[in-house]
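# Structural features, examined
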Amino acid sequence: MNQTKLLFAGADEYLATFVEAARTLPEIELLPYEPGLDLKGIEYLLMWRPVPGLAAALPDLKALFCFGAGVERLLANPELPPHVPIVRMVEPGLTQVMSEYILWQTLRHHRRIWELEEAQEAGRWAPHWYPAAWDLPVGILGLGELGQAAAQKLLTFDFPVRGWSRSRKNLAGVKSFAGAAELPDFLSGLEILICLLPLTPETTGILHAGHFAHLARGASLINAGRGLHLVEADLQPALATGQLVAASLDVFSQEPLPPEHPFWRHPRIFMTPHNASDINPASGLREISRQIGRHRAGLPLEHVVDRQRGY
Ligand code: NAP
Ligand code: GLV
């Protein structure tokens, strides 16, 4: 069989599982990147954190697959050859796990789990009342691959779902808001605000006090987009005044979050270390192989990043 070389410069901790997954795909020869490797004849690259000089040093490079859905780090790298398409990661494993994270955190906020944890800590028997899911409007910033899948999950639990994107969407059960002009209406009265946006100049700092003020008093925030979507200095004041009641954060302006950061010790901030979702090695590699098959057959690649738009 004619094998296609795919150079692996993804996250190191994934290498072994990718090597394993590649065994089931005889059409792919997965080459772990190491300095000194012969780069001639390598047409496809899978990369996460840009390896300095690597993309430019591949004379036969035809496409760069981003290891994740968010491409801001790759786009910030001036060394990427402008003619090489960048494909962001869209694959069922990554999407499934993100929608589970969003559902998990939404239910956590719906059931105000922190009140139960505080009561347990104090040895206090304190049953509390929950509103019905259908009375808790949830809004998703970013109605792309991940936002739409999360919306579907939330709808099956009867949350009223709104979504905000650049272009208007027509999705059964989801109230669509489009563009900056409709952002205040989208935010108005939301009980749970979820961020699944890409990081671009337009979306940086979008989670700020001015926008929190549009939400219902005592709303919750879930940020699984990027750390820089949140104006971190605005979060604790919003929690202190009760405008926000709690937050779930998976991403931070600085990662790893330094041990002295006050978020670690805030009782109403639940944190995960930027692993709300990740590529699934088996389904991710199958998807890359499918895309390479299309490309070799002369068909256009899917999910190519628009470098001007930034996602
Ligand atoms: P996507 O399919 O490209 O969707 C992006 C969505 O954001 C689209 O609906 C887009 O609107 C909307 N959008 C972008 N800029 C906007 C703007 N200025 N105003 C309004 N809407 C805007 O991306 P995805 O695959 O869903 O991934 C989204 C992001 O999730 C990634 O970029 C990454 O930052 C984050 N992520 C995080 C993790 C994690 O573990 N925490 C894992 C994976 C991804 P249009 O549809 O109109 O273009
Ligand atoms: C992870 O953060 C991703 O962008 O896939």
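Above: the structure in question.
### As for the site of ligand 2
- If you check the shell around ligand 2, you find Trp-48, Gly-68, Ala-69, Gly-70, Leu-94, Arg-226 and His-274 and nothing else.
- The separation between an oxygen atom of ligand 2 and a polar main-chain atom of Gly-70 is 2.7 Å.
- Between an oxygen atom of ligand 2 and a side-chain N or O atom of His-274, the distance comes to 2.6 Å.
- Considered on its own, ligand 2 offers 200 Å² of accessible surface; in the complex 86% of this is hidden by protein.
- Residue composition of the shell around ligand 2, grouped by class: three nonpolar, three polar and one charged.

### Let's talk about helix 8 (residues 232-241)
- For helix 8, the full list of buried residues reads Glu-232, Leu-235, Ala-238 and Leu-239. End-on, the buried residues of helix 8 take up no more than an arc of 110°, which puts them together on one face. Opposite the buried face of helix 8, at more than 90 degrees from it, the exposed residues are Ala-233 and Ala-240.
- Turning to helix 8, the residues buried within the fold contact helix 7 (209-212), strand 10 (219-223), strand 11 (244-249) and strand 12 (269-271).

### Quick look at the nonpolar core
- Leu-45 and Ile-102 are the most contacted members of the largest nonpolar core, which totals 66 residues.
- In terms of residues, this core owes the most to one element, helix 3 (residues 92-110), which gives five residues.
- Ignoring any residue separated from it by four or fewer positions in sequence, one finds Ile-102 in contact with Ala-150, Leu-154, Ile-194, Leu-196, Ile-222 and Ala-224.
- The next biggest cluster of nonpolar side chains, apart from the first, holds 28 residues, and it includes Leu-141, Leu-193, Leu-230 and Phe-252.

### Points about the sheet that holds strand 7 (residues 161-165)
- The strand order 8-7-6-9-10-11-12 describes an open sheet built from seven strands, whose pairing is parallel. The two strands at the open ends of the sheet, each matched to only one other strand, are strand 8 (174-178) and strand 12. Taken pair by pair, the neighbouring strands of this sheet meet at an average axis angle of 15°, ignoring direction.
- Here strand 11 pairs with strand 12 via three bridges, running parallel. Bridged to Leu-249 within strand 12 is Met-271.
- Taken strand by strand, helix 5 (residues 145-156) contacts strand 6 (138-141), strand 7, strand 8 and strand 9 (192-195), and its axis lies near 170° from that of strand 6.

### Looking at the sheet that holds strand 2 (residues 28-32)
- Sheet architecture is open: five strands sit in the order 2-1-3-4-5, paired in parallel fashion. A single partner strand is all that each edge strand has here, and the edge strands are strand 2 and strand 5 (86-87).
- Bridging between strand 4 (residues 63-66) and strand 5 involves two bridges; their strand directions are parallel. Within strand 5, the position partnered with Leu-64 by the bridge is Ile-86.
- Here helix 1 (residues 15-22) sits on the sheet in contact with strand 1 (4-9), strand 2 and strand 3 (44-47), set at roughly 160° to strand 2.

### Side note on the side chain of Arg-162
- Position of Arg-162 relative to the elements: it lies in strand 7.
- Although Arg-162 lies buried, it forms no salt bridge, and the closest oppositely charged side chain, Asp-185, sits 8.0 Å away as judged by the N-O distance.
- A polar contact of 3.5 Å, which involves the side chain of Arg-162, links it to the backbone oxygen of Asp-185.
- Not counting residues within four places of it along the chain, the set of residues in contact with Arg-162 comprises Pro-137, Val-138, Gly-139, Ile-140, Val-174, Lys-175, Phe-177, Asp-185, Phe-186, Leu-187, Ser-188 and Leu-190.

Each value, and the rule that gives it
- Residues numbered from 1 in each chain as written.
- Chains lettered and ligands numbered in written order.
- Predicted model: local features only at pLDDT ≥ 70, side-chain atom pairs only at ≥ 80, totals over all residues.
- Heavy atoms only, no water.
- Near = heavy atom within 4 Å.
- Polar contact = N/O pair within 3.5 Å; in protein donor to acceptor, adjacent residues only side chain to side chain.
- Areas by Shrake-Rupley, 256 points an atom, 1.4 Å probe, with all protein chains shown as cover.
- Nonpolar A, V, L, I, M, F, W, Y, C, P; charged D, E, K, R; others polar.
- Buried < 20%, exposed > 50% of the residue type's maximum accessible area, 1.4 Å probe, protein only.
- Helix = DSSP H or I, 4+ residues; strand = E, 2+ residues; numbered from the N terminus.
- Arc of directions from axis to C-beta.
- Contact = heavy atoms within 4.5 Å.
- Core = buried A, V, L, I, M, F, W, Y, C linked by side-chain atoms within 4.5 Å.
- Pairing = 2+ DSSP bridges.
- Axes fitted to C-alpha atoms, helices over the stretch in contact; angles between N-to-C directions.
- Lys, Arg positive; Asp, Glu negative; His and termini not counted.
- Salt bridge = Lys/Arg side-chain N within 4 Å of Asp/Glu carboxyl O.

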